Amino acid sequence: MWELVQETVSFIKEKTHFTPEYGVILGSGLGSFTADIQIEFTLPYTEIPNFPVSTVEGHKGALVFGTIGTKKVVAMQGRFHYYEGYSMQEVTFPVRVMKYLGVQKLVVSNASGGVNPNYKVGDIVFITDHINMVPEHPLRGKNDERFGPRFVNMSEPYSKKMIAVAKDLAQKNNIEVKDGIYLGLQGPTFETLAEYKMVKILGADCVGMSTVPEVIVARHMEVETFGVSVITDMGNEESIDTISHDEVLEAARKAEPKVRKLIKELILNY
Ligand code: HPA
């Protein structure tokens, strides 16, 4: 894995001398954040050695390099999900590459289903913690100490400082935000009513099919991480009948301008 990552990093560094400080991973329906980036260089996943290729609807597959104000950013337009059939190593490969391109801080967005009764569709949630229920762990197998330790401390998967700064910025920009615990499942089915109830009983506020593997791998390498989720559907009796990918995308797109603004402000100010 180390060699593959270094090979990919060398390839990218030959293409661009850009050294990003921030990594951004954009979730379903949240890809237009790249419009806020003063783009220097775009690299389609298909052209990057060792990179998997994104297949899911609503995602474009490219690494976008550029600046937001004075901050240097690399954004993943489209991510890799375990349910697509990729291995956990493939799902998290881009995070490893980002790290060795120079990334110290990672911002991850996603769409999720809400189980907290205080949530409603369109809510923006800062992720304060997660519950990993994806059936395979991205760090299973021989550990390479060059990346990080065998046993990773997960006391602060989502940076408290970044959350505090983002909350302050949300308030200044009159954007209402909530916070909550994200539970990661494999998908690709949306949850049954019994499963949404389980998610709630387990102590989570929302549930989705991404983010957790990437955040674990980021923390393995001591990358500071911020996660934001858009509640695109509610996992309850009243709402479950209509949950679909279209509904998810539509709700994500509606909330997108606010999420974009928040991510932009956070990057500018942190
Ligand atoms: N469940 C799982 N993943 C999701 C959901 C959901 O309800 N909404 C968006 N992603």
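One can find the structure itself at the top, above this paragraph.
About the cut-offs
- Residues numbered from 1 in each chain as written.
- Predicted model: local features only at pLDDT ≥ 70, side-chain atom pairs only at ≥ 80, totals over all residues.
- Heavy atoms only, no water.
- Salt bridge = Lys/Arg side-chain N within 4 Å of Asp/Glu carboxyl O.
- Helix = DSSP H or I, 4+ residues; strand = E, 2+ residues; numbered from the N terminus.
- Buried < 20%, exposed > 50% of the residue type's maximum accessible area, 1.4 Å probe, protein only.
- Near = heavy atom within 4 Å.
- Polar contact = N/O pair within 3.5 Å; in protein donor to acceptor, adjacent residues only side chain to side chain.
- Areas by Shrake-Rupley, 256 points an atom, 1.4 Å probe, with all protein chains shown as cover.
- Nonpolar A, V, L, I, M, F, W, Y, C, P; charged D, E, K, R; others polar.
- Contact = heavy atoms within 4.5 Å.
- Core = buried A, V, L, I, M, F, W, Y, C linked by side-chain atoms within 4.5 Å.
- Axes fitted to C-alpha atoms, helices over the stretch in contact; angles between N-to-C directions.
- Parallel < 35°, antiparallel > 145°, perpendicular 65-115°, else oblique.
- Left-handed = near helix turned anticlockwise from the far one by under 90°.
- Phe/Tyr/Trp six-rings, centres within 6.5 Å; stacked < 30°, edge-to-face > 60°.
- Lys NZ or Arg CZ within 6 Å of the ring centre and 35° of its normal.

Mind showing me how you'd approach the pattern of salt bridges here?
Pairing between side chains of opposite charge can happen when the charged atoms of each approach one another. Under the criterion given, the structure shown has 11 salt bridges. A salt bridge links Arg146 to Glu3, with the nearest nitrogen and oxygen atoms 3.9 Å apart. With Arg146 in the loop between β6 (124-132) and α3 (160-172) and Glu3 in helix α1 (residues 2-15), the pair connects residues that are 143 residues apart, well separated along the chain. A relative accessible area of 47% places Arg146 in the partly exposed class. Across the pair Asp123 and Lys120 runs a salt bridge, and its minimum N-O distance is 3.0 Å.

Whenever I open this one, the site of the ligand confuses me. Can you help?
What surrounds the ligand is the set Ala111, Ser112, Gly113, Phe190, Glu191, Tyr196, Val207, Gly208, Met209, Thr232, Asp233 and Val248. In the environment of the ligand, a nitrogen atom lies 3.3 Å from a nitrogen or oxygen atom belonging to the backbone of Gly113. Between an oxygen atom of the ligand and a side-chain N or O atom of Tyr196, the distance comes to 2.6 Å. When the ligand sits alone it has 260 Å² of accessible area, and the protein chains cover 96% of it. Elements with a contribution of two residues or more to the shell around the ligand: β5 (105-114), β8 (206-208) and β9 (224-234). Classifying every residue of the shell around the ligand gives six nonpolar, four polar and two charged.

Explain the environment of Val64 here, please?
By the secondary structure assignment, Val64 is in strand β3 (residues 62-68). As for Val64 and Met76, which are separated by 12 residues in sequence, their C-alpha atoms are 6.4 Å apart. Setting aside residues up to four positions removed in sequence, Val64 forms contacts with Thr34, Ile37, Ile39, Phe41, Thr42, Val73, Val74, Ala75 and Gln77.

Looking at this structure, how should I read the nonpolar core?
The nonpolar side chains of a soluble globular protein tend to be buried, and buried together. Leu63 and Phe226 are the most contacted members of the largest nonpolar core, which totals 75 residues. A per-element tally of this core places helix α2 (residues 88-101) first, with eight residues. Beyond its immediate stretch of four places on either side in the chain, Leu63 contacts Ile12, Phe41, Thr42, Leu43, Tyr45, Ile48, Phe51, Val74, Ala75 and Met76. Membership of the second largest hydrophobic core comes to nine residues, among which are Leu183, Tyr196, Ile240 and Ile243.

Help me out: how do you make sense of the packing of α2 against helix α5 (residues 212-220) in this one?
Geometrically, a packed helix pair is captured by the angle between its two axes and the distance between the axes. In the contact formed by α2 and α5, the axes pass within 9 Å of each other and the chain directions differ by 50°. With respect to α5, the axis of α2 lies oblique. Crossing angle aside, the handedness with which α2 passes α5 is right-handed. Across the interface between the two elements, Met88, Val91, Thr92, Val95 and Arg96 of α2 pack against Pro213, Glu214, Val217, Ala218 and His220 of α5. Taken together, the residues that form the contact of α2 with α5 break down as six nonpolar, two polar and two charged.

Got a minute to help me understand the packing of aromatic side chains in this structure?
The geometry of two aromatic rings is summed up by the distance between their centres and the angle between their planes. Tallying each qualifying case throughout the model produces 11 aromatic pairs. Seen in terms of ring centroids, Phe41 and Phe65 are 6.1 Å apart; in terms of plane orientation they differ by 45°. Their pairing is tilted. Placement of Phe41 in strand β2 (residues 38-44) and of Phe65 in strand β3 is noted, with a sequence separation of 24 residues between them. Overall, Phe41 belongs to the partly exposed group, its relative accessible area being 21%. Given the relative accessible area of 0%, Phe65 is considered buried. On the numbers, 5.9 Å between centres and 65° between planes, the contact of Tyr100 with Phe147 is edge-to-face. Here Tyr100 is found in helix α2, whereas its partner Phe147 is found in the loop between β6 and α3, with 47 residues between them in sequence. Every member of this aromatic cluster is reached through a ring pair, and the members are Tyr45, Phe51, Phe80, Tyr86 and Phe93. We note Lys72 situated over the ring of Phe18; from NZ or CZ to the ring centre the distance is 5.5 Å.

Help me out: how do you make sense of unusual backbone geometry in this one?
Glycine aside, negative phi is the norm for most residues, and most peptide bonds take the trans geometry. Pro188 follows Gly187 through a cis peptide bond whose omega is 0°. Mapped onto the elements, Pro188 comes out in the loop between β7 (178-184) and α4 (193-201). Of note, the phi angle at Asn174 is positive, near 55°, even though the residue is not glycine. One can find Asn174 in the loop between α3 and β7. Despite not being glycine, Thr211 shows a phi value in the positive range, around 70°. Relative to the helices and strands, Thr211 resides in the loop between β8 and α5. When its relative accessible area of 0% is taken as the criterion, Thr211 is described as buried.

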